[in-house]
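# Coordinate inspection notes
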Amino acid sequence: MNDSATDGSIQSKKLPFKTKLAYGAGELGPAITANISIFFLLVFFTNVAGIPAGLAGSILMIGKIGEAINDPFVGFLTDKTKSRRWGRRLPWVLYGATPCGLFFFLQWIVPPLSVWSLFWYYVAIGVISQVFYSVVHLPYAAMTPELTQDYDERTSLNSFRFTFSIGGSILSLILSKIVFSVISDRQQQYLVLAAVCTVISILALYGCVYGTRDRVLAFESKRISLEELPSIPFTEQLKIVFTNRPFLFVIGIYLCTWLAVQITASIIPYFVVYCMHLQEADVPTVMIAVQGTALLMLFFWSTLSKKVGKKVVYFLGISLWIIAAAGLYFLQPGQLNLLYLMAVMAGFGVSTAYLIPWSMIPDVIELDELQTGQRREGIFYGFMVLLQKFGLAFGLFLVGNALQAYGFKEAVAGQNELPTQPDLALLAIRLAISPLPIICLIAGLVLTYFYPITREMHAEIMLKLKQRQ
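Residues numbered from 1 in each chain as written. Predicted model: local features only at pLDDT ≥ 70, side-chain atom pairs only at ≥ 80, totals over all residues. Heavy atoms only, no water.

## Considerations on the overall build of the chain
Threshold: The secondary structure listing takes helices from DSSP runs of H or I that are at least 4 residues long and strands from runs of E that are at least 2 residues long, numbered from the N terminus. Only protein chains enter the calculation, and the probe is 1.4 Å; a residue is then buried if its accessible area is under 20% of its type maximum, exposed if over 50%, and partly exposed in between. Pairs of residues are marked as contacts when any of their non-hydrogen atoms sit within 4.5 Å. What sets the accessible areas is the Shrake-Rupley method with a 1.4 Å probe; for residues, cover comes only from the shown protein chains.
Helix and strand counts for the chain come out as 17 helices and zero strands. Within the chain, the fraction of its 469 residues that count as buried is 61%. Of the contacts made within the chain by residues no fewer than 6 positions apart, 84% connect residues no fewer than 24 positions apart. Total accessible area on the chain is roughly 17,800 Å²; 68% of this is exposed by carbon and sulfur atoms.

Okay, here's the thing in structure tokens:
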């Protein structure tokens, strides 16, 4: 292993392309499974398993809350993990990849049970699945500030990460379109799709572990040689986390932005089928228009942020998304060109939702290191995701129960025919795809405006840290 001086030199250099590529590929695993769940799991519960929309929303809410509760503890444990062979984060990704994929797959089976028995089956599988998702994804996300400490290089690294994230989303949608076209039975469609995505997910995570190991271990050797301070108790860490003012802004921005993403993604299949009178096979095409645009714009926003800053980029992208969301409310059947125009405009904003909040969190971690003398990526990422998932859980619960309250009719399990929906249910779908995300996005813009860490402030933080070392 290199000595500490060499390690410090490694950390100050630009990241090699192969390291960025390997790290980005790790996001393909969680992304391809998470996006299938975001886009189709609620629809699967109501239109395949025959579960009422309110119960379906509750299943998703319970799973998200379970995952959220786990995240801070997983983050805390990864901060304390010691492994000379793999470092702090990589063992969690390595050993969690296979069970994470397995329990994801089990969510897409429809056992021959009553509605309430199905409810509890999906609750149990969902909670376990989300536990392993935390075990894999949170340590992976916390690796960003360990791979590079350069302000702009982190934005570049996150560009690679979210290229694979959006690419995984697009791949999952292409696979779903192929599977939906080839297989006629609705239940078999989702089962085959889940199996293929599971295999891709596991292989991608293994590739990330082996591709980033050298860089992670170089950082670990430097960190261990410099950080000899006594450990701060967990309760004291919570207090420090929530007194870090910039961190609270990042949490709020991320929560608002991804609540809009989650609500929109989960309601689009209903909007396309019931409001636009298209086929289920058309749903992936509309989503590909959004995600494809987001992918194309990712490196553009990354380059632009180096010139005008993260705040300006976020404002530009989210403003276009708000315009698109407002237009969706008024779309009528047959207006396909306008539908795809709105999808492309939304994609401009979705790409900034991926890129900007995750580029802010490493800067917050450096500020905490300056104040406490310790690097605690795990607990910061854990609590960021914790509050985000509580918000998402509430959003999914709200959407599912609103659909049920407005008279949405679930399908009968085992039948391919979809029921006709009443006018009130169609209104609920339109409200969920337009006004609700717009409120979240506007709140995110307000928080971004007041976010305090600039490029100049971050440079000052890094200078003080180097002087201390």
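## A word on the confidence of the model for the chain
Reading predicted coordinates in detail is not appropriate for stretches of low pLDDT. Here is the rule: Every residue is assigned a pLDDT by the predictor, reflecting its confidence on a scale from 0 to 100.
Averaged over every residue, the pLDDT of the chain is 81; residues scoring 70 or more account for 87%. Counted against residues more than four places away or in other chains, residues 1-12, with its pLDDT under 50, gives 19 contacts. Between residues 224-229, whose pLDDT stays under 50, and residues either more than four places distant or in other chains, the model counts eight contacts.

## Here we look at the side chain of glutamine 291
Mapped onto the secondary structure, glutamine 291 falls in helix α11 (residues 283-308). Apart from residues lying up to four places away in sequence, glutamine 291 is in contact with Phe39, Ile166, Ser169, Ile170, Leu173, Val350 and Tyr354.

## Here's the deal with the packing of aromatic side chains
Condition: The pairing test for Phe, Tyr and Trp rings, Trp by its six-membered ring, is centres within 6.5 Å, and the orientation test on the planes gives stacked under 30 degrees, edge-to-face over 60, and tilted for anything in between.
The final tally for this structure, using the stated rule, is 24 aromatic pairs. Consider the rings of tyrosine 270 and tyrosine 274, whose centres lie 6.4 Å apart with planes at 15°: the pair is stacked. Placement of both tyrosine 270 and tyrosine 274 in helix α10 (residues 245-275) is noted, with a separation of four residues, approximately one turn of the helix. Per residue, the accessibility class of tyrosine 270 equals that of tyrosine 274, and both read buried. What links up through ring pairs into an aromatic cluster is the set Phe39, Phe40, Phe44, Phe45, Phe104, Trp108, Tyr121, Tyr122, Phe180 and Tyr190.

## Notes on a nonpolar patch on the surface
Applicable threshold: Exposure above 30% relative accessible area and the absence of a salt bridge qualify a residue for a patch, where like charges join within 9 Å and nonpolar side chains (Val, Leu, Ile, Met, Phe, Trp, Tyr) within 5 Å. A pairing counts as a salt bridge when a side-chain nitrogen of Lys or Arg comes within 4 Å of a carboxyl oxygen of Asp or Glu.
Taken together, the side chains of Ile442, Val446, Tyr449 and Phe450 present a nonpolar region at the surface, about 420 Å² in accessible area. Of note, isoleucine 442 is situated in helix α16 (residues 435-450). Taking the relative accessible area as the measure of exposure, isoleucine 442 reaches 43% and is therefore partly exposed.

## Digging into helix α12 (residues 310-330)
Given 3.6 residues to a turn, an α-helix orients residues that are three or four positions apart in the same direction. This is how it is decided: Helix span, expected: 1.5 Å multiplied by one less than the number of residues in the helix.
Taking 1.5 Å per residue as the helical rise, α12 with its 21 residues ought to reach 30 Å, and the 32 Å between its terminal C-alpha atoms agrees with that figure. Residues Lys310, Val313, Tyr314, Gly317, Ile318, Trp321, Ile322, Ala324, Ala325, Gly327 and Leu328 constitute the buried set of α12.

## Regarding the packing of α12 against helix α13 (residues 336-372)
Geometry of a packed helix pair, given as the angle between the helix axes and the separation of the axes. This is how it is decided: Axis lines are fitted to C-alpha atoms, over the contacting stretch for helices. Their N-to-C directions set the angle, which ranges from 0 to 180 degrees. Left-handed describes a crossing whose near helix is turned anticlockwise from the far helix through less than a right angle; right-handed describes the clockwise counterpart. Ten residue types, Ala, Val, Leu, Ile, Met, Phe, Trp, Tyr, Cys and Pro, are classed as nonpolar, four, Asp, Glu, Lys and Arg, as charged, and the remainder, Gly among them, as polar.
Two numbers describe how α12 lies on α13: the axes approach to 7 Å, and their chain directions differ by 145°. With respect to the hand of their crossing, α12 and α13 are arranged in left-handed fashion. By residue class, the composition of the contact of α12 with α13 is 17 nonpolar, five polar and two charged.

## Re the environment of asparagine 401
Along the chain, asparagine 401 turns up in helix α14 (residues 377-405). Owing to a relative accessible area of 28%, asparagine 401 belongs among the partly exposed residues under this scheme. Taking the C-alpha atoms as reference points, asparagine 401 and alanine 53, separated by 348 residues in sequence, lie 6.3 Å from one another. Ignoring anything within four residues of it in the chain, the contact list for asparagine 401 reads Ala53, Gly54 and Ser58.

## Remarks on the state of the cysteines
By definition, a disulfide links the sulfur atoms of two cysteine residues through a covalent bond. Basically, it comes down to this: Criterion for a disulfide: a pair of cysteine sulfur atoms within 2.5 Å.
Per the counting criterion, the structure on display carries zero disulfides. In this structure cysteine 256 is a free cysteine whose sulfur lies 6.3 Å from that of cysteine 440, the closest cysteine sulfur available. Assessed through its relative accessible area of 14%, cysteine 256 is described here as buried.

## Brief notes about the packing of α12 against helix α15 (residues 423-433)
Applied cut-off: Angle categories: roughly parallel below 35 degrees, roughly antiparallel above 145, roughly perpendicular from 65 to 115, and oblique for all the rest.
Between α12 and α15, the shortest axis-to-axis distance is 8 Å and the interhelical angle comes to 170°. Considering their axes alone, α12 and α15 lie roughly antiparallel with respect to each other. For the pair α12 and α15, the contacting residues are Ala325, Leu328, Tyr329 and Phe330 in the first and Leu427, Arg430, Leu431 and Ile433 in the second. Of the residues belonging to the contact of α12 with α15, the class tally is seven nonpolar, no polar and one charged.

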